[in-house]
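Structural overview for review
One-letter residues, chain by chain:
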Amino acid sequence: MAVANHLGLDYEIRFVDLRKGDQKAPQYAALNPNMRMPTLKEGEYVLWESSAIAQYLAAKKPESGLLPQDERRRLDVMRWQFWEHAHWDPACAVFAFEYVAKPVVLGINEPDMIAIAKGTEAFHRVAKVLDGHLENKRFVTGDTLTLADFGIGSAMILAEMAHYPLEPYGEIKRWYATLSALPAWQKTRAQSAMPAANAA
Ligand SMILES: N[C@@H](CCC(=O)N[C@@H](CS)C(=O)NCC(=O)O)C(=O)O
């Protein structure tokens, strides 16, 4: 959504309420057999996996530079997208599950502190990589905003609520402050405020 907003693309949101299990409804599972969101549908074309969707959207406006044309610069962006899925997201997901999904979706208010201790170790391992990499860079791959920022930034939305141990990482905090000040980011935050579970 943030990529589409940044590019000024028209789209329609169909909210998948994970708390109600909408992702497991047969109609949704027929589009995305993983039964996870997001899924893009444009006419008969269906695409799942957020980074693939982001690339599809960026290709509609190549002049935006979100997915550079130059091969090495493009691969740098894709490298960080792969890193996000392989390392960053799983590290953040432990905190997101224990401090957000468990109380909000499952109604369990006690985080599993053994899982948090293991997750803390994994988090520091990846956060050190990102923080060190961001030194002297405005954005993840250099001076300009790319899909790498949108991808890695998406897990940061839960940073406070999920108690990510971000204290030592000044570069990550500085980078995310820049990203979250973007009009497209602010618009997306407002749009994605979760509707109440019992909303129609
Ligand atoms: N690698 C996938 C991850 C998709 C994913 O895990 N989505 C979560 C929400 S962030 C989901 O739909 N979970 C529902 C479930 O596990 O039932 C992507 O980037 O699109």
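Calculation criteria
Residues numbered from 1 in each chain as written. Predicted model: local features only at pLDDT ≥ 70, side-chain atom pairs only at ≥ 80, totals over all residues. Heavy atoms only, no water. Near = heavy atom within 4 Å. Polar contact = N/O pair within 3.5 Å; in protein donor to acceptor, adjacent residues only side chain to side chain. Areas by Shrake-Rupley, 256 points an atom, 1.4 Å probe, with all protein chains shown as cover. Nonpolar A, V, L, I, M, F, W, Y, C, P; charged D, E, K, R; others polar. Core = buried A, V, L, I, M, F, W, Y, C linked by side-chain atoms within 4.5 Å. Buried < 20%, exposed > 50% of the residue type's maximum accessible area, 1.4 Å probe, protein only. Helix = DSSP H or I, 4+ residues; strand = E, 2+ residues; numbered from the N terminus. Contact = heavy atoms within 4.5 Å. Domains from an automatic or database assignment. Buried area = accessible area lost by both parts, 1.4 Å probe. Salt bridge = Lys/Arg side-chain N within 4 Å of Asp/Glu carboxyl O.

In this section: the site of the ligand. In the region of the ligand, the neighbouring residues are L18, Q23, M35, R36, M37, P38, E49, S50 and H85. The separation between an oxygen atom of the ligand and a polar side-chain atom of R36 is 2.9 Å. Bound to the protein, the ligand loses 64% of the 520 Å² it would expose on its own. Of the residues in the shell around the ligand, the class split is four nonpolar, three polar and two charged.

Bringing the nonpolar core into the picture now. With 48 residues, the main nonpolar core has W88, F123, L130, M156, Y164, I172 and W175 as its most contacted residues. Of all the secondary-structure elements, those providing two or more residues to this core are helix 1 (2–7), helix 3 (50–58), helix 4 (71–106), helix 5 (113–134), helix 6 (147–154) and helix 7 (170–180). Here the element with the most residues in this core is helix 4; it accounts for nine residues. Among residues more than four places away in sequence, those in contact with I172 are A127, L130, D131, L134, M156 and L166.

Attention now goes to the environment of I13. Examined against the element boundaries, I13 turns out to sit in the loop between helix 1 and helix 2 (26–31). The sequence separation of I13 and L40 amounts to 27 residues, and the corresponding C-alpha distance is 9.6 Å.

Attention shifts here to the domain arrangement of the chain. Assigned domains of the chain: these are domain 1 (2–64) and domain 2 (71–186). Every contact between the two is made by eleven residues of domain 1 and, on the other side, eleven residues of domain 2. Each partner contributes to the roughly 910 Å² buried at the junction of domain 1 and domain 2, and carbon and sulfur atoms together form 67% of this total. Its largest share of buried area at the contact with domain 2, domain 1 owes to H6, S51 and Q55, together 42% of the area lost on that side. Linking domain 1 to domain 2 there are zero salt bridges. Counting every contact that joins domain 1 to domain 2 gives two residue pairs in polar contact (both at pLDDT 80 or more). Listing elements by their share of the side of domain 1 that touches domain 2, those giving two or more residues are helix 1 and helix 3. No other element matches helix 3, which puts five residues into the side of domain 1 that touches domain 2.

Attention now goes to unusual backbone geometry. Here M37 and P38 are connected by a cis peptide whose omega angle stands at 5°. Its place among the elements puts P38 in the loop between helix 2 and strand 1 (39–42). Positive phi, normally seen in glycine, also occurs at E49, with a value near 85°. Positive phi values are uncommon outside glycine, yet N136 reaches one of about 65°. Structurally, the position occupied by N136 is in the loop between helix 5 and helix 6.

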